[in-house]
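Chain by chain, the residues:
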Amino acid sequence: MKITVKINLAKIIENLKKYDGKKVILMVKADAYGHGLKEVAKATESLVEGFGVATVEEGVTLRKSGIKSKILVAQWLQDEIEAATEYDLTLSVGDFVQLDLVKSVGREAEIKVNTGMNRFGFDLDDTAELSRKLDGFSPSGIYSHLFSLEAVKGQKERFESVVNLLNLKGVGTHLFSSSYAHLGDTVRLGIGAYQGAMTVTSTVVAVRRLRAGDNVGYGNKMPKSGGIAWVFGGYADGISREAPAPVLIGGKLREVLAVCMDTFAVYVGDDTVKVGDEVTLLGEDLDQNKLAKLTGTIPYVILTKWRGRTERIYQC
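Let us look at the structure shown here. Nothing here was measured: the structure is a model prediction, and the numbers come from that model.

Conventions and cut-offs
- Residues numbered from 1 in each chain as written.
- Predicted model: local features only at pLDDT ≥ 70, side-chain atom pairs only at ≥ 80, totals over all residues.
- Heavy atoms only, no water.
- Buried < 20%, exposed > 50% of the residue type's maximum accessible area, 1.4 Å probe, protein only.
- Helix = DSSP H or I, 4+ residues; strand = E, 2+ residues; numbered from the N terminus.
- Pairing = 2+ DSSP bridges.
- Axes fitted to C-alpha atoms, helices over the stretch in contact; angles between N-to-C directions.
- Parallel < 35°, antiparallel > 145°, perpendicular 65-115°, else oblique.
- Left-handed = near helix turned anticlockwise from the far one by under 90°.
- Contact = heavy atoms within 4.5 Å.
- Nonpolar A, V, L, I, M, F, W, Y, C, P; charged D, E, K, R; others polar.

**A few points about the pairing of strand E14 (residues 226–232)**
Counting buried positions over the seven residues of E14 gives seven, a clear majority of the element. Bridge count for strand E11 (residues 198–210) against E14 is six bridges, and the pairing is antiparallel. Paired with Arg-208 across the strands is Ile-228, a residue of E14. Strand direction decides the pairing type here: E14 and strand E18 (residues 263–269), joined by six bridges, are antiparallel. Within the sheet, the bridge partner assigned to Ile-228 lies in E18 and is Tyr-267.

What follows is the structure in structure tokens.
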């Protein structure tokens with residue numbers, strides 16, 4: 001018994017084709033936002049300039065699966081530079097220690113600039129020294145990371161000022177992600193590539209009728225009399241215990257009353273529901289954006305939370 005996660009690779013390809021005319025770096029970190037690192041990369045390699053990953057391990061996995069395109073690694077440690085060199089990974093460089101390391105081994109690198117997110121990257125005050133230390137070393141790119149819609153103008157201006165001061169001829173730049181893809185010629189496409197590509201379903205495993213005030217699971221109470229359906233999957237599989245998302249049974253949006261390790265209880269009232277009925281946890285009529293709003297989180301959490309007893313099925 002498993003939760004089924006269906007991935008529509010054709011939908012991801014369709015989403016990418018909306019960006020024809022732009023250079024796309026497809027972000028496939030975190031198992032391609034829960035869609036499958038190797039599967040997504042293989043299906044899309046011909047459509048993109050390259051891929052973005054969080055770690056050297058992710059980059060190595062892509063190379064071992066046969067990916068030939070450029071792979072940009074956002075985070076790495078000193079002892080990983082040998083693997084990065086062996087597997088021809090492009091390293092993001094955001095401080096002078098990293099810069100000295102990549103220069104010492106001749107590793108391809110992109111310069112990360114901190115324009116306000118304050119996570120990784122050279123600060124604006126580093127620009128003069130960075131320019132001096134880059135003498136004789138040409139990075140393959142310069143980029144930064146936007147953190148909010150309201151801050152785009154200021155971050156863009158800061159980024160462009162650093163690019164102009166560094167004055168590196170012919171070096172590509174990229175600043176914009178999915179939410180801002182219309183603003184630039186090169187985009188690091190993340191969640192925009194995965195819209196509508198994932199469906200998650202489970203199964204009703206037990207049905208009961210209870211009265212208002214009856215116990216449901218571990219200490220939860222029935223808000224009113226009616227039927228409940230116990231559905232396979234619990235917090236061990238990515239179902240939130242603290243803020244459970246509603247689900248669809250029989251085409252109706254249903255409230256989750258309790259979440260256990262292996263199952264969760266759904267209020268179905270007077271509707272007829274039977275063991276074996278399909279339950280939609282994520283799908284066309286209950287997508288990640290809607291679920292995020294209903295549960296007070298963000299779509300990225302919805303897409304990447306599925307774990308445990310799940311089975312991933314690919315549709316082309």
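**A word on the packing of helix H1 (residues 9–17) against helix H3 (residues 37–44)**
The N-to-C vectors of H1 and H3 enclose an angle of 50°; their axes lie 10 Å apart at closest approach. By the angle between their axes, H1 is oblique relative to H3. Taken as a pair, H1 and H3 cross one another with a handedness that is right-handed. Across the interface between the two elements, Leu-9, Ile-12, Ile-13 and Leu-16 from H1 touch Glu-39, Val-40, Ala-43 and Thr-44 from H3. Residue composition of the contact of H1 with H3, by class: six nonpolar, one polar and one charged.

**Description of the packing of H3 against helix H4 (residues 56–64)**
With their axes 10 Å apart at the nearest point, H3 and H4 run at an angle of 55° to one another. Taken as axis vectors, H3 and H4 run oblique relative to one another. At the point where H3 passes H4, the crossing takes the right-handed sense. Residues Leu-37, Lys-38 and Ala-41 of H3 touch H4, and the partners they reach there are Glu-58, Thr-61 and Leu-62. Here the residues of the contact of H3 with H4 are counted per class, giving three nonpolar, one polar and two charged.

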